[in-house]
Amino acid sequence: MKSLQIEVFICRSDNFGVLLHCPETGETASIDAPEFDPIVKAAEKHGWTITHIFTTHHHGDHVEANLALKEKYGCEIIGPRNEAAAIPGIDRTVGDGDEFTFGKRPVRVIETPGHTAGHICFHLPDDMLLFAADTLFALGCGRLFERSALDMWHSLQKLAALPDETIVYFGHEYTLSNARFAVTIDPENTRLRSRAELIEMQRKRGDFTVPTTIGLEKETNPFLRAGDPDVRRTLGMEDATNDEVFADIRKRKDTF
């Protein structure tokens, strides 16, 4: 089976547009639909026809182009069952543990409430790919708009349980700010410090910081490291629960 092709580009100001293409079947999925023109331009550059939109959650910067893309391509919109009423043009609803086929391979749905109540991620286990949108970022996680810190902590643990080699595509280019914050939470983490320096250089060159991996995030992302003794010591929360430490880190990032 031929490898999937992935095209990454910027939409709006800091959203990542991502197209996923199967060269065998000709299917092309847009991961969310943040902006019509850049998505169409990326597809036309390769001669791809968008057949699917994989919608992760209902926020406008992820569904803005749903209807326009559906009108142009007749694509099928697949999105979260628990947010279906808020997803423009949705055709198929999916929830935690559901599976469907794209490009002759399985796509598994992982429900990750926190950023929104019904946020989902799309996992392609055969290709070791995860499309995490606004649940897990490089060195960060999404703001808590509709569910609790405990809910998001549980959601992140689902993603952290995936194989370390899993390649993660996320929804926004927030990595430089995330890195600068992360070193205030985990200052003794030499792996994090080296990564933060690399990110500074990447962004100065204008390079994207997507993708990352589950293993790298477990080593360096403070939002996945609430149980680490060094993080707890820095925060003065040695006796707190993991979700309490996570909640404190999230609050600190909200005002960073």
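Rules used throughout
Residues numbered from 1 in each chain as written. Predicted model: local features only at pLDDT ≥ 70, side-chain atom pairs only at ≥ 80, totals over all residues. Heavy atoms only, no water. Pairing = 2+ DSSP bridges. Helix = DSSP H or I, 4+ residues; strand = E, 2+ residues; numbered from the N terminus. Core = buried A, V, L, I, M, F, W, Y, C linked by side-chain atoms within 4.5 Å. Buried < 20%, exposed > 50% of the residue type's maximum accessible area, 1.4 Å probe, protein only. Contact = heavy atoms within 4.5 Å. 1 Å grid on protein atoms, 1.4 Å probe; cavity = no way out; pocket = protein on both sides within 12 Å on 5 of 7 lines; lining within 4 Å. Points joined across faces, edges and corners; volume = space filled by probe spheres on them. Salt bridge = Lys/Arg side-chain N within 4 Å of Asp/Glu carboxyl O. Phe/Tyr/Trp six-rings, centres within 6.5 Å; stacked < 30°, edge-to-face > 60°.

Draft legend 1. Just the sheet that holds strand S7 (residues 99-102), in detail. Pairing within the open sheet is mixed, and its six strands lie in the order S7-S8-S9-S10-S13-S14. Each having just a single partner strand, S7 and strand S14 (212-213) make up the two edges of the open sheet. Summarising the sheet, strand S9 (residues 120-124) and strand S10 (residues 129-133) pair through three bridges and their orientation is antiparallel. By the bridge assignment, Leu124 is partnered in S10 with Leu129.

Draft legend 2. Seen up close, the nonpolar core. Counting 27 residues, the largest nonpolar core has Leu130, Leu136, Leu156, Leu159, Val245, Phe246 and Ile249 as the members making the most contacts within it. Listing elements by their share of this core, those giving two or more residues are S10, helix H4 (149-160), helix H5 (175-185), helix H8 (229-235) and helix H9 (242-254). No other element matches H4, which puts five residues into this core. Not counting the four nearest positions on each side in its chain, Leu156 is found in contact with Thr135, Leu136, Cys141, Phe223, Leu224 and Phe246.

Draft legend 3. Geometry of empty space enclosed by the protein. Evaluated as defined, the whole model comprises one cavity of 30 Å³ or more. Here the largest cavity defines a volume of roughly 90 Å³. Contributing to the lining of the largest cavity are 14 residues, with Phe16, Ile31, Asp32, Phe170 and Gly171 lying nearest its centre. Among the elements of the structure, strand S2 (15-21), helix H2 (60-63), S10 and strand S13 (167-170) are those that each provide at least two residues to the lining of the largest cavity.

Draft legend 4. Examining the pattern of salt bridges more closely. Enumeration over the complete set of coordinates arrives at 22 salt bridges. Here Asp254 and Arg143 are joined by a salt bridge, their closest N and O atoms 3.4 Å apart. A residue pair is termed long-range when its members are at least 10 positions apart, and Asp254 in helix H9 and Arg143 in the loop between strand S12 (140-141) and H4 qualify at 111 residues. With relative accessibility at 39%, the residue Arg143 sits in the partly exposed group. Here Arg205 and Asp207 are joined by a salt bridge, their closest N and O atoms 2.7 Å apart. On the accessibility criterion, Arg205 (53% relative accessible area) is exposed. Here Asp207 falls in the partly exposed class, since its relative accessible area comes to 30%.

Draft legend 5. Inspection of the packing of aromatic side chains at higher detail. Enumeration over the complete set of coordinates arrives at 13 aromatic pairs. A ring pair is formed by Phe16 and Phe170, whose centres lie 5.7 Å apart and whose planes are at 80 degrees; its orientation type is edge-to-face. Of this pair, Phe16 sits in strand S2 while Phe170 sits in strand S13, and the two are 154 residues apart along the sequence. Accessibility assignment for this pair places Phe16 and Phe170 in one class, buried. When the ring of Phe137 is compared with that of Tyr174, the centres are 5.1 Å apart and the planes differ by 70 degrees; the resulting orientation is edge-to-face.

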